[in-house]
Amino acid sequence: ELKVEQNPLFLSMQEGKNYTIYCNYSTTSDRLYWYRQDPGKSLESLFVLLSNGAVKQEGRLMASLDTKARLSTLHITAAVHDLSATYFCAVDSGYSTLTFGKGTMLLVSP
Amino acid sequence: DSGVTQTPKHLITATGQRVTLRCSPRSGDLSVYWYQQSLDQGLQFLIQYYNGEERAKGNILERFSAQQFPDLHSELNLSSLELGDSALYFCASSADRLSGYTFGSGTRLTVV
């Protein structure tokens, strides 16, 4: 059974700081997705990582995938308040279904 | 607007009742997925349909069922509702695995 672990589960940051969220998964997969969720809202797709070594960047967020280590990272650069949200990684099980991590609640304060 | 439409947005019902949640996928997407999000279980995959046929099943209770119609919209039926069924139910659609999955805005179900 595929297991996906995110850490940390809660992250309080100051504006302007950098930090990384980690996503480990238990079985082989070469497809990983990052989503953002604001409270009570839908899941917004951030990144689709489809191969080993994939790196994608959008604004202050950068995601990478290491399929050999079964690890993805979401790096936040110079955080701003608008990035406050819950971030989920999700791994494709190979049957076109997603297994989600528990999410990382990010709070960015001045 | 993600292009995936879910109705209703909110639903309050009593224990023992039955409800139907509806989802219209993005234009052109053949696959529809249902997920449940609750505080204790997190986001869990329930069921997938592809072009009208059930393709994969996850942690879906026997009291729950789904179908996808010829026009590709999907319905999730929840019966004999219990307090623990209170959750956000999301529908997602995809064209293929390479393009990812687009989620609807969800239906918040409250069972009282």
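See above for the structure.
Figured I'd write up the structure that's included with this text. Not measured: the values here are computed from a predicted model.

Another aspect to go through is the overall build of chain A. Counting secondary structure elements, chain A contains zero helices and eleven strands. Helices (α) and strands (β) of chain A occur, in sequence order from the N terminus, as β-β-β-β-β-β-β-β-β-β-β. Radius of gyration (C-alpha) of chain A: 13 Å, near the 13 Å computed for a compact globule of 110 residues. Within chain A, the proportion of its 110 residues that are buried is 46%. In chain A, which carries 10 positive and 10 negative side-chain charges, the distance between the mean positions of the two groups comes to 3 Å.

Another aspect to go through is the pairing of strand S9 (residues 87–94) of chain B. All names here are of chain B. Counted residue by residue, S9 has eight buried out of eight residues, so it is predominantly covered. Side chains Ala87, Tyr89, Cys91 and Ser93 of S9 all project onto a buried face; the interleaved residues Leu88, Phe90, Ala92 and Ser94 project onto the opposite face, where all are buried too. Taken together, the three bridges between S9 and strand S11 (residues 107–111) define a ladder with antiparallel strand orientation. Across the sheet, residue Ala87 finds its bridge partner in S11, namely Leu109. In the sheet, S9 pairs with strand S10 (residues 102–103) via two bridges, with the strands oriented antiparallel. Bridging from a neighbouring strand, Ala92 pairs with Phe103 of S10.

All names here are of chain B. Pairing is antiparallel across the open sheet formed by four strands, whose spatial order is S1-S3-S8-S7. Each edge of the sheet is formed by a strand with only one pairing partner; in this case those strands are strand S1 (5–7) and strand S7 (64–68). Averaged over all neighbouring strand pairs, the angle between strand axes comes to 15°, with direction disregarded. Across three bridges, S1 lies against strand S3 (residues 19–24) in antiparallel orientation. Bridge pairing links Thr7 to Arg22 in S3.

One face of the sheet, then the other: side chains in a regular strand alternate in exactly this way. All names here are of chain A. Burial along strand S7 (residues 61–66) is one-sided: Leu61, Ala63 and Leu65 are buried, and none of Met62, Ser64 and Asp66, which face the opposite way, are. The pairing of strand S6 (residues 55–58) with S7 spans four bridges and is classified as antiparallel. Residue pairing in the sheet places Gln57 in a bridge with Met62 of S7. With antiparallel pairing between neighbouring strands as the criterion, S6 and S7 make up a hairpin whose turn holds two residues, including Gly59 at a positive phi of roughly 60°. Where S7 and strand S8 (residues 71–76) come together, six bridges link them in antiparallel fashion. Paired with Met62 across the bridge in S8 is His75. Between S7 and S8, which pair antiparallel one after the other, the connecting turn spans four residues, and Arg70 there sits at a positive phi close to 55°.

Further remarks concern the state of the cysteines. All names here are of chain B. Per the counting criterion, the structure on display carries two disulfides over all chains. Here Cys23 connects covalently by a disulfide to Cys91, the sulfurs 1.8 Å from one another. The chirality of the disulfide connecting Cys23 with Cys91 is left-handed, given an S-S dihedral of about -50°. A residue pair is termed long-range when its members are at least 10 positions apart, and Cys23 in strand S3 and Cys91 in strand S9 qualify at 68 residues. Accessibility assignment for this pair places Cys23 and Cys91 in one class, buried.

What tends to happen in soluble globular proteins is that the nonpolar side chains get buried as a cluster. Grouped together as the largest cluster of nonpolar side chains are 25 residues, with contacts concentrated most on Leu32, Trp34, Leu74, Ile76, Tyr87 and Leu106 of chain A. Breaking this core down by element, the ones donating at least two residues are strand S2 (10–14), strand S3 (19–25), strand S4 (32–37), strand S5 (43–49), S7, S8, strand S9 (85–92) and strand S11 (104–109) of chain A. Setting aside its immediate chain neighbours within four residues, Leu74 of chain A contacts Tyr19, Thr20, Ile21, Trp34, Phe47, Leu61, Met62, Ala63 and Tyr87 of chain A. Formed by 20 residues, the second largest nonpolar core is a distinct cluster that contains Trp34, Tyr49, Phe64 and Leu78 of chain B.

Conventions adopted
Residues numbered from 1 in each chain as written. Chains lettered and ligands numbered in written order. Predicted model: local features only at pLDDT ≥ 70, side-chain atom pairs only at ≥ 80, totals over all residues. Heavy atoms only, no water. Helix = DSSP H or I, 4+ residues; strand = E, 2+ residues; numbered from the N terminus. Rg over C-alpha atoms; globule rule 2.2 N^0.38 Å. Buried < 20%, exposed > 50% of the residue type's maximum accessible area, 1.4 Å probe, protein only. Lys, Arg positive; Asp, Glu negative; His and termini not counted. Charge placed at Lys NZ, Arg CZ, Asp CG, Glu CD. Pairing = 2+ DSSP bridges. Axes fitted to C-alpha atoms, helices over the stretch in contact; angles between N-to-C directions. Disulfide = S-S within 2.5 Å. Core = buried A, V, L, I, M, F, W, Y, C linked by side-chain atoms within 4.5 Å. Contact = heavy atoms within 4.5 Å.

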